[in-house]
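# A look at the structure
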Amino acid sequence: MPVNQEQDKYILIHPKGPTVTILLYGATITSWKVPDNSGTLQDRLFVSSKAKLDGTQPVRGGIPVVFPCFGAPVHPDHQKLPQHGFARKETWSYDSTVMDNEAGVSVRFVLNPNETIQAVFPKAFRLFYVVTLAEHQLSTDIHVENTSQNDLLTFQALLHTYIRAPADQVIVAPLQGLKFHDKTDPTPEGRATLQEESRSAVDVRKFTDSVYIDGPGKYDVSWPGGGMEVKAVNLKDVVVWNPQEEGVKIGDMESDGWKRYVCVEPGHVGGFISLEPGKTWIGQQVLTVKSG
Ligand SMILES: O=P(O)(O)OC[C@H]1O[C@@H](O)[C@H](O)[C@@H](O)[C@@H]1O
């Protein structure tokens, strides 16, 4: 069976060998293994060995789902929400198997408002998350439905992808010429000011927390001997994050863990989406292993 359920997680298995593991907590992808050139399965995502996988806190690694706010809440509808919203902290349900054949295997998860969510976000909505595993590719689609009859649903959404890569050698492109917020700037004014990216290839050899606005939607993440393409559909912005030594302040980060990943996070985080009653919005990320 290419779709296996094990207690609190689902494992999809592609006939050619790749696997993906999705924890129901947060619908967080915690592993995506694809064979390397020698045929050995390699995890393409980073998960800290100190990450909690028991539903007590968001997973430090993999692909957490960020909804309905990115970072600290700023919109009036989001005032009671925690950093990065609630989607990564709630237990989702398996909904259906969408596809299961030679081309790939695809499963849909659902999150409906529960009492905990309603206490902090009293809105009518439903989320679906579709995870599709192909031979060299992993697609993750977030569907946001505004189930209200008359209220707008205002949100941000982002897929917080931790790509396993050597942080001292990885580069991300093309970002040159894009406007971005530098969240490492010590002052609120500095963080609010849009800067322009001058580099043809962005590295993360120093503490990096950059929110690029209106990106091209396709990003090459490469390092000697490996690479990944990150494609975003309807997720206009992209965050590049690596804490470097600041990572010691992160309780669930393994020792020197920041040396082993770069976060490239497609999202709609510059401004908000205001979804009309009865409408659905879909944002998609497609990760493709290029080499290694
Ligand atoms: O520690 P968290 O809540 O998972 O967030 C990790 C990082 O997530 C990134 O997306 C943010 O831009 C950073 O500012 C933040 O530090």
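Quantities reported herein were computed from a predicted structural model and do not represent experimental measurements.

### Examining the UniProt feature "binding site: substrate" (unreviewed entry) in the protein
- Taking the numbering used here, the UniProt-annotated feature "binding site: substrate" (unreviewed entry) corresponds to R60, Q83 and R88. Taking the farthest pair of C-alpha atoms as the criterion, the annotated set spanning 29 residues converges on one region, since that pair is 13.8 Å apart.
- Looking at the secondary structure, you find Q83 in the loop between β6 (65-66) and β7 (93-101).
- In contact with Q83, not counting residues within four places along its chain, are G71 and A72.
- Residue placement: R88 occurs in the loop between β6 and β7.

### Some words on the confidence of the model for the protein
- In the predicted model, the protein carries a mean pLDDT of 97, and the fraction of residues at 70 or more is 100%.
- Reported for the predicted complex are a pTM of 0.98 and an ipTM of 0.99.

### Some details on the nonpolar core
- The biggest cluster of nonpolar side chains holds 74 residues, and the ones touching the most others in it are Y129, I163, V221, V240, V262 and V264.
- In contact with V264, not counting residues within four places along its chain, are T161, I163, V172, Y219, V221, V230, V238 and V240.

### Regarding the sheet that holds strand β4 (residues 28-35)
- Within the open sheet, the five strands sit side by side as β1-β2-β3-β4-β5. Their pairing is antiparallel. Two strands close off the open sheet at either side, each with one partner strand: β1 (3-6) and β5 (41-43). The sheet shows a mean angle of 20° between the axes of neighbouring strands, direction not considered.
- Both β4 and β5 contribute to a ladder of three bridges, which runs antiparallel. If you follow V34 over to β5, its bridge partner there is Q42.

### Concerning the UniProt feature "active site" (unreviewed entry) in the protein
- The UniProt entry lists H160 and E265 under the feature "active site" (unreviewed entry), expressed in the numbering used here. Of the residues just listed, which span 106 residues, no C-alpha pair is farther apart than 4.8 Å, and they cluster in one region.
- Relative to the helices and strands, H160 resides in the loop between β11 (153-159) and β12 (161-164).
- Excluding residues within four positions of it along the chain, H160 makes contact with I63, P64, V66, C263 and E265.
- Relative to the elements of secondary structure, E265 occurs in strand β21 (residues 261-275).
- Under the C-beta neighbour-count criterion, E265 is labelled buried, with 27 such atoms within 10 Å.
- Ignoring anything within four residues of it in the chain, the contact list for E265 reads L158, L159, H160, T161, V238, V239 and W241.

### A closer look at the pairing of strand β17 (residues 208-213)
- In this structure, strand β14 (residues 179-182) lies alongside β17, joined through four bridges in antiparallel fashion. Bridging from a neighbouring strand, F180 pairs with Y212 of β17.
- Relative to strand β20 (residues 237-242), β17 is paired through five bridges, and the arrangement is antiparallel. When the sheet's bridge partners are listed, S210 is paired in β20 with V240.

### Thoughts on the sheet that holds β7
- Strand order across the open sheet formed by nine strands is β7-β8-β9-β10-β22-β19-β18-β13-β16, with antiparallel pairing between neighbours. One side of each edge strand has no neighbouring strand; the edge strands of this open sheet are β7 and β16 (202-203).
- The sheet contact formed by β7 and strand β8 (residues 104-111) spans seven bridges and is antiparallel. The residue of β8 that forms the bridge with N101 is G104.

The rules we used
- Residues numbered from 1 in each chain as written.
- Predicted model: local features only at pLDDT ≥ 70, side-chain atom pairs only at ≥ 80, totals over all residues.
- UniProt positions renumbered as here; feature names shortened; annotations may be inferred.
- Helix = DSSP H or I, 4+ residues; strand = E, 2+ residues; numbered from the N terminus.
- Contact = placed C-beta atoms within 7 Å.
- pLDDT = per-residue confidence, 0-100.
- Core = buried A, V, L, I, M, F, W, Y, C linked by C-beta atoms within 7 Å.
- Buried ≥ 20, exposed ≤ 12 C-beta atoms within 10 Å, placed from the backbone.
- Pairing = 2+ DSSP bridges.
- Axes fitted to C-alpha atoms, helices over the stretch in contact; angles between N-to-C directions.

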